[in-house]
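Fold and contact review
Read off the chains here:
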Amino acid sequence: MITRRMLNFPAATGWSHPFFGMDELRKDMDRLNRLFDSSGSSYLPHFFKAGVFPALNITENEEKYFVRAELPGIKAEELDIQVNGRNLTISGERNTACCEENIKYHRREREGGKFSRGIVLPGDVDPEKVTASMVNGLLTVTAGKSEAAKPRKINVN
Amino acid sequence: MVETKELQVKEKQEVSSSTEHTRPGPVFTPSVDIYENDREIIMLADMPGVSTDGIGIDLKEGILTLTGDIKPWEDGKESNVLIEFGIGKYYRQFTLSEAIQQDSIEANFNDGVLKVILPKVAKAVPRKITVSNG
């Protein structure tokens, strides 16, 4: 029955919500459209994931971009972060091998290995205003927007 | 030289349970390594973003519960550009088959990794018995 509703089965049959679920779908479609829009915006809908380690969350406010990644067990000095124009690269290596001998593993779910991820920020950043911090396994890269990328208020005369 | 493989993204696993938490929001299962040696069982759990005072370790009737509470780190004025991972609490339970000395459990938390050391009770430590010729 639900499939019929989703397929827009004749709506005049008195169902209270013939477009049940359509709202969510339309929002996703909007986001997809924005993705393929040639406006040059790097706004990605949230289901569109790159699949490259580490997973990143990028947020912004008027002044800055914030790039966050969960990197448990990696020390700040083991990370290499580079910024070049709009490009930000985060690379490093995670070592989960254990140093002790004569041990028996019950479970091994934590993975180790090398990683490197490059992203393009949606706007230009000022390389002087890029800082990074590592707190409790959470990396936060804060990049100050360059003057050109900041929103400007335009007064109407 | 050991070749290191490239890390792959692992989707965070959300806890599926029949009961709900009183506070809404996603709850994730931390990835763990568990190993043992003669004297203790050692557990490593990835809980990035949790601060030391947000961690709970509880052992009751052979069930070890690990919890990690997270405080939202984004201030409300940030708008999302790209969201690839969810933010939420951590929760995982284990049944321990071996007897553990409850009063000497140790735990530390470094760089988002929780390490719990569970010492086995003396009788569970294997003892090597040498047989002498009579």
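Here, residues in each chain are numbered from 1, in the same order as that chain's written sequence. Chain letters and ligand numbers both follow the written order, the letters beginning at A and the numbers at 1. Reporting in this predicted model follows two pLDDT cut-offs: at least 70 for local features of residues, and 80 or more for side-chain atom pairs to be given and counted; totals over whole chains, interfaces and linings ignore these cut-offs and use all residues. Note that water and hydrogens are dropped before the side-chain values are worked out from all heavy atoms of the structure.

Right, let's get into the overall build of chain B. We count a stretch as a helix when DSSP gives it H or I for four or more residues in a row; a strand needs E for two or more, and each element gets its number in order from the N terminus. Regarding its fold elements, chain B presents zero helices and ten strands. Counting helices and strands in the order they occur from the N terminus, chain B gives β-β-β-β-β-β-β-β-β-β. In chain B, which comprises 134 residues, the share counted as buried stands at 37%. Note on definitions: a residue-residue contact is assigned when non-hydrogen atoms from the two residues lie within 4.5 Å. At a minimum sequence separation of 6, the contacts of chain B that also span at least 24 residues come to 53%. Carbon and sulfur atoms form 48% of the exposed surface of chain B, whose accessible area is close to 8600 Å². For every residue, the accessible area (1.4 Å probe, protein chains only) is compared with the maximum for its type, and the residue is labelled buried under 20%, exposed over 50%, or partly exposed between those bounds. Accessibility throughout is a Shrake-Rupley quantity obtained with a 1.4 Å probe, and a residue counts as covered only by protein chains that appear here.

Right, let's get into the packing of aromatic side chains. All names here are of chain A. Each Phe, Tyr or Trp ring, with Trp reduced to its six-membered ring, pairs with another whose centre is within 6.5 Å; inter-plane angles below 30 degrees give stacked pairs, above 60 give edge-to-face pairs, and intermediate values give tilted ones. Overall, the coordinates contain two aromatic pairs over all chains when judged by the stated rule. Note on Phe 53 and Phe 115: the rings are 5.2 Å apart at their centroids and 65° apart in plane angle, and the pair reads as edge-to-face. You can see Phe 53 sitting in the loop between helix H2 (22–36) and strand S1 (56–60) and its partner Phe 115 sitting in strand S6 (residues 113–120), a full 62 residues away along the chain. The residues Phe 53 and Phe 115 share a single accessibility class, namely buried. By definition here, charges over rings are those cases where NZ of Lys or CZ of Arg is within 6 Å of the ring centre and within 35 degrees of the ring normal. Just above the ring of Tyr 105 sits the side chain of Arg 108; from NZ or CZ to the centre is 4.2 Å.

Take unusual backbone geometry next. Positive phi, normally seen in glycine, also occurs at Asn 136 of chain A, with a value near 50°. Taking relative accessible area as the criterion, Asn 136 of chain A reaches 23% and is therefore assigned partly exposed. One non-glycine residue with positive phi stands out, namely Asp 111 of chain B, at about 50°. Within the secondary structure, Asp 111 of chain B sits in the loop between strand S9 (106–110) and strand S10 (113–119). On the basis of relative accessibility, which here comes to 26%, the residue Asp 111 of chain B falls in the partly exposed class.

This part is about the sheet that holds S6 of chain A. Note on sheets: strands pair through backbone hydrogen bonds, and any given pair is parallel or antiparallel. Residue and element names in this part refer to chain A. In space, the three strands of this open sheet follow the order S3-S4-S6, with antiparallel pairing throughout. Unpaired on one side and paired on the other, strand S3 (79–84) and S6 mark the two borders of the sheet. Pairwise comparison of adjacent strand axes, ignoring direction, gives a mean angle of 10° for this sheet. Bridge count between S3 and strand S4 (residues 87–94): six bridges; the pairing is antiparallel. Considered in S4, the bridge of Asp 80 is made with Ser 91. Two strands form a pair only when DSSP identifies at least two bridges running between them. Convention adopted: a line fitted to C-alpha atoms gives each axis, helices being fitted over their contacting stretch, and angles between N-to-C directions are expressed from 0 to 180 degrees.

All right, on to the interface of chain B and chain A then. Each partner contributes to the interface: chain B provides 46 residues, whereas chain A provides 50 residues. Taking both sides of the interface into account, the surface hidden between chain B and chain A amounts to around 4400 Å²; carbon and sulfur atoms contribute 51%. Summed over both partners, the accessible area lost on bringing two parts together, with a 1.4 Å probe, is the buried area. Of all residues in chain B, Leu 7, Val 81 and Glu 84 of chain B give up the largest surface area on contact with chain A, accounting jointly for 18% of the area buried on that side. In what follows, salt bridge is the name for a side-chain nitrogen of Lys or Arg lying within 4 Å of a carboxyl oxygen of Asp or Glu. Inspection of the region where chain B meets chain A yields nine salt bridges. Two residues, Asp 46 of chain B and Arg 110 of chain A, come together in a salt bridge whose shortest N-O distance is 2.7 Å. Here a polar contact is recorded for every N or O atom pair within 3.5 Å, except that within protein the pair must consist of a potential hydrogen donor and a potential acceptor, and residues adjacent in sequence are included only if both atoms are side-chain atoms. In this assembly, chain B and chain A are joined by 25 residue pairs in polar contact (both at pLDDT 80 or more). Among the elements of the structure, strand S3 (32–36), strand S4 (40–46), strand S7 (79–83), strand S8 (89–95) and S10 of chain B are those that each provide at least two residues to the side of chain B that touches chain A. Here S1 of chain A runs beside S7 of chain B; their pairing, made up of four bridges, is antiparallel. Each bridged residue has a counterpart across the sheet, and for Ile 58 of chain A the counterpart in S7 of chain B is Leu 82 of chain B.

All names here are of chain B. Checked against the element boundaries, Arg 92 lands in strand S8. The class of Arg 92 is buried, set by a relative accessible area of 12%. Here the side chain of Arg 92 touches Pro 30 through a polar contact of 2.8 Å, landing on its backbone oxygen.

This paragraph deals with the nonpolar core. General note: in soluble globular proteins, nonpolar side chains tend to be found buried as a group. What we call a nonpolar core is a set of buried Ala, Val, Leu, Ile, Met, Phe, Trp, Tyr and Cys residues that are connected through their side-chain atoms within 4.5 Å. In this structure, Val 67, Leu 71, Leu 79, Ile 90, Phe 115 and Leu 121 of chain A are the most contacted members of the largest nonpolar core, which totals 22 residues. With residues near it in sequence (within four places) discarded, Phe 115 of chain A still touches Phe 53, Pro 54, Leu 71, Ile 74, Leu 79, Ile 90, Ser 91, Gly 92, Glu 93 and Arg 94 of chain A together with Leu 7 of chain B. Core analysis: the second largest hydrophobic core is formed by 21 residues, Tyr 90, Ile 100, Phe 109 and Leu 118 of chain B among them.

Moving on to the pairing of strand S8 (residues 138–145) of chain A. Residue and element names in this part refer to chain A. Burial of S8 is extensive: eight of the eight residues sit out of reach of the surface. Of the two faces of S8, the one holding Leu 138, Thr 140, Thr 142 and Gly 144 and the one holding Leu 139, Val 141, Ala 143 and Lys 145 are both buried throughout. Pairing of strand S2 (residues 64–70) with S8 involves seven bridges; the strand directions are antiparallel. Within S8, the residue paired with Arg 68 across the bridge is Thr 140. Between strand S7 (residues 125–135) and S8, which pair antiparallel one after the other, the connecting turn spans two residues, and Asn 136 there sits at a positive phi close to 50°.

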